[in-house]
Structures are given as structure tokens and as C-alpha cells.
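Now for the letters of each chain:
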Amino acid sequence: MVLVPALISLCAILVMFDLLNQAEAAYQKAAHSRMIYQGVNNVISHVYALAVEIKQTGDSKNPQWERYMPQLVDKYDKVVSEIDDLAELLHEDQEQRHWVKQVKKRFKSLQAGIFEVKSSYGAQAEGGVSRGNQQFKVSMQTIFFDPTFVHLLRIGELERKRFEDNSQQEVKLRKTIELVLGAMLTMTVVVSIAFVSIFVRTIGRRLDILKDNATRLASDVELNPQLSPGDELAPLDEVFHVMAAALKESAKKEQALIENAADTICSLTPQLKVIKINSAAYSLFGVDPDELLGGSLLMQVAPQKREYAREQFEKVIKNSGTAKFDLSHINGENKVREATWSVRWSDEEESLFCIARDMTEQRQAERMKADLVQMISHDIRSPLTAVSAFIDMIEGGTFGALEGTAQKMATKAQSSTNQVLDLVNDFLDLEKMSSGKLSLNIEAIDVNTLFEEALSSVSWASSRGVSVVSEPCKLSIKADKRRIVQVIVNLTSNAVKFSAKGTTVKLSAVPVGPTEIELRVSDQGRGIPEDKIDRLFEKFEQVYASDSENNKGAGLGLSICKGIVSQHGGTIGATSIVGEGSTFWFRLEKA
């Protein structure tokens, strides 16, 4: 049905193209006839003008007529050229072309008369001039009354008539085109209106079905049965059904995700009434989620926190924003549960959307950790410090001189006590850094000073046959002196522990860019495999399992170094070649 107007329009367009071609052909013929007609008129008028000039000038016996001869020859040549042009225009009409050539041939007979006149004047013979003029005049009169020249006039008249006929034909064809165009437009409008009315009647019912399906889809209601496959709107209707199935599947997955989430997810009215809530609410509130629907969320908040909770929720609504805060809840077993609430207000939905994460176990773990740190700090480190001092007194002979095995045992006990104290101090340092409680006293420090203090702390390296040296430099950094010395000592101690006897550990510093200084600790040890370098600065990490036994380390030193450097806003890393040695470096701000 839809193709019928298109076919009618196509036929009308084809007719119009044919009429346009005919009109164009008529126009071309008229233009050609006009050019021939004008060419004939030009030849006739110029021949006539030439004859008049010859007559007027030739009647004179003045010898200066000879000076006029070049102009006469030029005009003669121009007439010959125009006759040639006319013959070219008539190349398709052999008969007319023949007569034009005859005119040219006849006209050329003048040439002899012109030159005879010219010769007569050259001889300066009055009688000769008279004869030449007389002969030339006779030739011109003969041409005007010659049948060939008369036929040229007939050609001009014929082409003038053809021009008029073709022009009239072109006008008629263009009027016909206008009529066809008007008829085509009228027919197209009429047919289109007819088909539109039919289309509206036949498709209206199906469009109503699609409209109803769109409403049902938005309302999450079962759609109408699908249209038959042959219907034009069947593909669109199928899209609605596919969308409905996809949305239903998506909603099912979303609901399953929400229901199986470990966090409590809910939506609330501005009055804090529960609109929807997932099953995770049971573990937080100790109440079946269905029993919470329509009730106030504040009833599930610990009494001492209810006013605070109301203020926080109202603040989110007022600011049309988001917030995160902690609340305490009393579950069905009268046990306190602690949760962190993430709340967002939606102006469009006029609802609060909330996620509550149960933090009870995590808070308990944090309190246990704090208690452990407190215990380590006061109940372990203080006695160990006293034990270390007491052993130091025994080893120094305060209570009498020790000999042999007793001296060795005292020394070993002192070493073991110091290792435990170092481990405790490392643990406490890590805890301070992770909790952000590590205080720093930033100042400008000469790098040479840092190296000197570090060297004095690792003087024991000589007992292992390892030399520790530093390269002098004129650089300064912004840092906490005590903490950076601790980093250098840790890195140097590690380098000494893993260096062979007779090797050297070198401390150096170089500028990196315009704002940083890189401090380096290089050794000639066994090196570190490339796949282990990235894990070196993690807690309790050892390159080899045997390292903790051979060197009595817990694997916290490099982690502490990384924490201290990070607290300074710097970076730390290492490079190594297995079998050749390693270089540990860290970068801090230039003073």
C-alpha cells in the first residue's frame, strides 16, 4: 500500500523528464535557427554595405581612392569569413550548405574586379580607372540579383520561421510540464490523504496496543500478546517484549544482589519510615525485615543515639546531599551492634537511600588491637628495658666479675633481650605510622651529618669483616633527623648482614631533579631476584626463608623504612643484580 504513491510519483517524474528533454531539444533547435538567421543577415548587410561604399567611393575620379583599397579588401575578407561561419552552422543540411558555398564562390568573383580597379589606379590611366570602376559595379549588381544570393535570402527566411516554430514548441512544452507537475502534486496529495486515512484506520489499533505495552512496561505489568509476525509493527512490538524480559531478568538479579548483600540496604521516607529493606537487616537489628516495613527506623537505633540519628538524617535531606555517620543499634538479643551508615537523599524520588555496614566485629578488633598496643608499650617494653639494664649491669661486673660460660651466657642474654626490644619498638613504630600518630620534627639537615651518625650506629660491621664508608657531599634535605638516621641505619644494617667478608657498603647522595635528593646504600652482596624486589618493603617479608633464622630478623625493618619515608612525602625503592650487589635508595625534598 505504501508503494502506490511512490509508483505514481515515479511515473509522473519519468513523464516530466521526457517533456523536459523535448523542451530542451526545441530550445536547442530554436537557438541554432536563430544563429543561422543572424548569420544570413550579417552576410547580406555586410555585402550591401560593401557595395554602397564601393559605389560612393568609386564614382570619384580622385586618385586617392587607391588608398581606400586596403580597407575594401579587409571588408571583403570579413564577408568571406562570415560566409564560412554560416556554412559551418549548416553542416547538417547539405542542400542549404551547397547554396552557401555557391554564394561564396560567386562572391569571390569580386576579387578579380577589386584587383583590376587597383591595377587601373596604379597605372594612373583615367580611362583605365573608369573601366575598372564600371566593371566592379557590374559585378556587385550581378551578385545581388544572382539566384544563389537570392537563395541565401530564402535560407534566412526559412530559419527565421523555424526559430519561431521551435520557440513556440518550447513554450508549449514548458506549459505542459507545469500542468503535469501540478497534476502530479495534486494526485500525490489525494493519494497520500487516501492512504493516510486507510493507514490510520488500520494501524491505529496496533499503535494503541504498542502504547499500552509501553505503559505496562513502565509499570512492570505483563504485556499484551505479541502481534503476528506479518504485521509491519511486529518488530517494534517484539522489542517491547524483549525489553520487558530483559528488565524482568535484570530486576531479578538486582533483587538477588540486594537480598544477598552483607550490608543492610534500605530506602526511607522523609519521616524515616522504612519503604524497602533487604534481608541483611535481620543480622543488624534482630528483626524480620518484613516487620520493619512502614515502621520508623529510629526504633531500631539505641535510645541514646536516636536524637543524633534524627539530626543526621534531617541534615542530609536539608542539604540534598550525602553523609556518612556511625549509629548504635540494639538487636533482638539486647546486644549492641555498631554500624556505619552511608545516606543519600534523592529529590526526584523524595526518598533516603541508605547502606548500613555492620562494624561491630571490626570495632571490637580495633579495640583489641589498641589494648594490645597499650599492653606491649607498657606491660612488655618497660619490663624488657629493666631486664636489659639489669643484664647489662651483670655483664659489666656490677655484681661481680663473670668468667667463661657465665660471661658468654650474659652476652647472649643481652643480645636476645635487645632483639626482643627492637622487635617491640619496630611493632610500635609501625602502629604509629598506620594510625597516623607518628610525629615528625622537620628541619634542614646536612646529609654528611646523617651519614656520620648512621656510621657510628653500625660500627659493629667491622667485626663481620665488612667496611662501611660514605661519600662526602654538600647536600641538605628537609626531614626529621632521628627518623631518617633510623632509615639509613636499617638499610645499612641489612646491607652489612647480607654482605660477604672483605666487601664494602657505601653511603652516597645525589640530586634528582630540581627539588629532590636521593640517598643510597649500596652493597656488594648476593643481590636480590627481580621478582622479589616489589615485595621487599612489605611487613614480615624475607627474600629467602632462611634469612629470618640466619640473621634473626622479623622482616619489619624495610616496612618501617617505607613508612617513615612515606610520612615525609618521599619515595623508596631498590635496584639489584644477582651476584653483584644491591642499592637501596630513598628520595626526600631538597633543603
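Predicted, not measured: the structure shown is a model, and the values here were computed from it.

**Section: the side chain of Q300**
(1) Moving on: For Q300, the location among the structural elements is in the loop between α8 (289–292) and α9 (306–319).
(2) Moving on: Since its relative accessible area comes to 14%, Q300 is described here as buried.
(3) Moving on: Ignoring anything within four residues of it in the chain, the contact list for Q300 reads F285, V287, L292, H329 and I330.

**Comments concerning the confidence of the model for the protein chain**
(1) Moving on: With 75% of its residues at a pLDDT of 70 or more, the protein chain has an overall mean of 77.
(2) Moving on: Mean pLDDT in the protein chain bottoms out at helix α15 (residues 547–550), which sits at 49, and peaks at strand β10 (residues 516–522), which reaches 96.
(3) Moving on: Considering only residues more than four positions removed or in separate chains, one finds that residues 121–129, a stretch of pLDDT under 50, has 14 contacts.

**Observations regarding the nonpolar core**
(1) Moving on: Counting 43 residues, the largest nonpolar core has I477, I484, I488, L519 and F586 as the members making the most contacts within it.
(2) Moving on: Breaking this core down by element, the ones donating at least two residues are α12 (447–457), β8 (476–480), α13 (481–497), β9 (504–512), β10, α16 (557–567), β11 (571–577) and β12 (581–589).
(3) Moving on: Of all the elements, α13 adds the most residues to this core, at eight residues.
(4) Moving on: The residues contacting F586, other than those within four sequence positions of it, are I484, V487, I488, L491, I517, E518, L519, V565, T571 and I572.
(5) Moving on: Grouped together as the second largest cluster of nonpolar side chains are 26 residues, V274, L284, F325 and L352 included.

**Re a nonpolar patch on the surface**
(1) Moving on: A surface patch of nonpolar side chains, amounting to about 340 Å² of accessible area, comprises L236, V239, M243 and L247.
(2) Moving on: Here L236 lies in helix α6 (residues 234–259).

**Things to note about the side chain of S582**
(1) Moving on: Position of S582 relative to the elements: it lies in strand β12.
(2) Moving on: Judged by its relative accessible area of 4%, S582 falls in the buried class.
(3) Moving on: Here the side chain of S582 touches S576 through a polar contact of 2.8 Å, side chain to side chain.
(4) Moving on: When neighbours within four sequence positions are excluded, S582 is seen to be in contact with V521, S522, D523, G527, I528, T575 and S576.

Definitions and cut-offs
Residues numbered from 1 in each chain as written. Predicted model: local features only at pLDDT ≥ 70, side-chain atom pairs only at ≥ 80, totals over all residues. Heavy atoms only, no water. Helix = DSSP H or I, 4+ residues; strand = E, 2+ residues; numbered from the N terminus. Buried < 20%, exposed > 50% of the residue type's maximum accessible area, 1.4 Å probe, protein only. Contact = heavy atoms within 4.5 Å. pLDDT = per-residue confidence, 0-100. Core = buried A, V, L, I, M, F, W, Y, C linked by side-chain atoms within 4.5 Å. Patch = residues over 30% accessible without salt bridge, like charges linked within 9 Å, V, L, I, M, F, W, Y side chains within 5 Å. Areas by Shrake-Rupley, 256 points an atom, 1.4 Å probe, with all protein chains shown as cover. Salt bridge = Lys/Arg side-chain N within 4 Å of Asp/Glu carboxyl O. Polar contact = N/O pair within 3.5 Å; in protein donor to acceptor, adjacent residues only side chain to side chain.

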